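Notes for the structure review
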Amino acid sequence: MPSAERFAALQTIQRRKPVAVQAPSALQDIWATDVFTLDRMKEALPRPVFKSIQATIRSGGRLDPSVADAVANAMKDWATSRGALYYAHVFYPLTNLTAEKHDGFITPKSDGRAITEFTGKLLVQGEPDGSSFPNGGLRSTFEARGYTAWDVTSPAWLMRTPNGVTLCIPTVFVSWTGEALDKKTPLLRSNAAVNAQARRVLKLLGEKEIAPINSSCGAEQEYFLVDNAFMALRPDLQLSGRSLFGAPPAKGQQFDDHYFGAIPERVQVFMQDVEDQLYRLGVPAKTRHS
């Protein structure tokens, strides 16, 4: 017999009404529509500028400052035409969380007008002040101490929420001395090291025309759905975002809650919504399972 609290949660769940579902959009109509892809760059940029940034993406180097303004303006025009009013340099610090600081495209003028503006300097590098980070009172807060820099090998994309649209610029985060403060910088440096040594070996074998060598991996993502009524009974999920206690898992697959079990209808509705958002960001979702 469940506890009174769990029994009340089950009653709440039973009273929920089905969510109206729209038919999924055609893949070719939504694929990567919220990503500033190379094709969109090619359409928006002058040919020499596009060639420059294309070479930068292939080599993994830093964006040429002479073309940064043109790229930033094209990216801003694309984002604002889709409703974006803010941009954010997004990075992944060593806290296992996502960090983002939102800045507006708006620039006030002396005559009282306001325009949208986004320069190459703002695109390439961000410089959050020290007061943005935990410091324990041990350092002055007006010094940056950390810098974000656009990783040109990753395209900018749009984050859509009920509160609006934000242009997200994937960046690395390093200290003023060049130390990695995030999880992406070590990966990029590892790729650069692999590229350098692989090219050296290939040259010893007689190869002369060698394209940049890169490595890639596909991460398997899983998520677990918990009803809000059950969530309210679980302080571990609310405080830590993960399960710290609970009932032991079913053994031997005697029930239908294993990998090949039928997917509940409302879970399938959720999956469809997730897939729609992923496809708009150019992220493939291949499998559904219980």
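A brief look at the structure comes next. (Residues numbered from 1 in each chain as written. Predicted model: local features only at pLDDT ≥ 70, side-chain atom pairs only at ≥ 80, totals over all residues. Heavy atoms only, no water.)

1. A few points about the overall build of the chain
Scanning the chain from N- to C-terminus turns up 10 helices and 8 strands. Per-residue burial for the chain yields a buried fraction of 27% across its 290 residues. In the chain, the share of contacts with a sequence separation of at least 24, taken over all contacts with a separation of at least 6, comes to 56%. Looking at the chain as shown, the accessible area adds up to about 20100 Å², and 56% of this sits on carbon and sulfur atoms. (Helix = DSSP H or I, 4+ residues; strand = E, 2+ residues; numbered from the N terminus. Buried < 20%, exposed > 50% of the residue type's maximum accessible area, 1.4 Å probe, protein only. Contact = heavy atoms within 4.5 Å. Areas by Shrake-Rupley, 256 points an atom, 1.4 Å probe, with all protein chains shown as cover.)

2. Side note on the side chain of K184
Here K184 lies in helix α7 (residues 184–204). Overall, K184 belongs to the buried group, its relative accessible area being 18%. Side chain to side chain, K184 and D151 meet in a polar contact 2.7 Å long. Excluding anything up to four places from it in sequence, K184 contacts D151, S154, P170, T171 and V172. (Polar contact = N/O pair within 3.5 Å; in protein donor to acceptor, adjacent residues only side chain to side chain.)

3. Let's talk about the nonpolar core
If you look at the biggest cluster of nonpolar residues, it comprises 28 residues, and the most contacted ones within it are L63, M75, F118, L123, W150 and L167. Contributions of two or more residues to this core are made by α4 (47–59), α5 (65–80), β1 (84–91), α6 (120–124) and β8 (164–175). Apart from residues lying up to four places away in sequence, L63 is in contact with I53, T56, A68, L123, V124, W150 and V152. (Core = buried A, V, L, I, M, F, W, Y, C linked by side-chain atoms within 4.5 Å.)

4. Concerning the pattern of salt bridges
For the structure on display, the rule yields 10 salt bridges. The salt bridge partner of R234 is D236, with a shortest N-O separation of 2.9 Å. We note a salt bridge from R280 to D276, for which the minimum N-O separation is 2.9 Å. Linking R280 with D276, this pair stays in helix α10 (residues 265–280), spanning 4 residues, or about one helical turn. Salt bridges sharing partners connect three or more residues here, namely R16, D227 and R266. (Salt bridge = Lys/Arg side-chain N within 4 Å of Asp/Glu carboxyl O.)

5. Thoughts on the environment of K121
Structurally, K121 is set in helix α6. For K121, a relative accessible area of 70% corresponds to the exposed category. Along the sequence, K121 and P65 sit 56 residues apart, while their C-alpha atoms lie 8.1 Å from each other.

6. With respect to the packing of aromatic side chains
Geometry of an aromatic ring pair is reported as the spacing of the ring centres plus the angle between the planes. Under the defined criterion, the tally for this structure stands at 7 aromatic pairs. When the centroid spacing of 5.3 Å and the interplanar angle of 40° are considered together, the rings of F36 and W78 count as tilted. A residue pair is termed long-range when its members are at least 10 positions apart, and F36 in the loop between α2 (27–30) and α3 (38–44) and W78 in helix α5 qualify at 42 residues. As far as burial versus exposure is concerned, F36 and W78 are alike and both buried. Measuring from ring centre to ring centre gives 5.6 Å for Y223 and F270, while their planes differ by 65°; the resulting arrangement is edge-to-face. (Phe/Tyr/Trp six-rings, centres within 6.5 Å; stacked < 30°, edge-to-face > 60°.)

7. A word on α4
Here α4 spans 18 Å end to end across 13 residues, near enough to the 18 Å set by a 1.5 Å rise per residue. Those residues of α4 not exposed but buried are V49, F50, S52, I53, Q54 and T56. (Expected span 1.5 Å × (residues − 1).)

8. Structural notes on the pairing of strand β6 (residues 146–150)
On β6, burial follows the alternation: G146, T148 and W150 on one face are buried, whereas Y147 and A149 on the facing-out side are not. Alignment of strand β5 (residues 125–126) against β6, held across 2 bridges, turns out to be antiparallel. Bridged to Q125 within β6 is A149. Relative to β8, β6 runs antiparallel, the two sharing 5 bridges. In the sheet register, W150 faces β8, and the bridge partner there is T171. (Pairing = 2+ DSSP bridges.)

9. A look at unusual backbone geometry
A positive phi angle is found at A32, which is not glycine, with a value near 55°. Here A32 is to be found in the loop between α2 and α3.

10. Concerning a positive patch on the surface
A cluster of basic side chains, namely K42, R47, K51 and R58, defines a positive patch on the protein surface. Structurally, R47 can be placed in helix α4. (Patch = residues over 30% accessible without salt bridge, like charges linked within 9 Å, V, L, I, M, F, W, Y side chains within 5 Å. Lys, Arg positive; Asp, Glu negative; His and termini not counted. Charge placed at Lys NZ, Arg CZ, Asp CG, Glu CD.)

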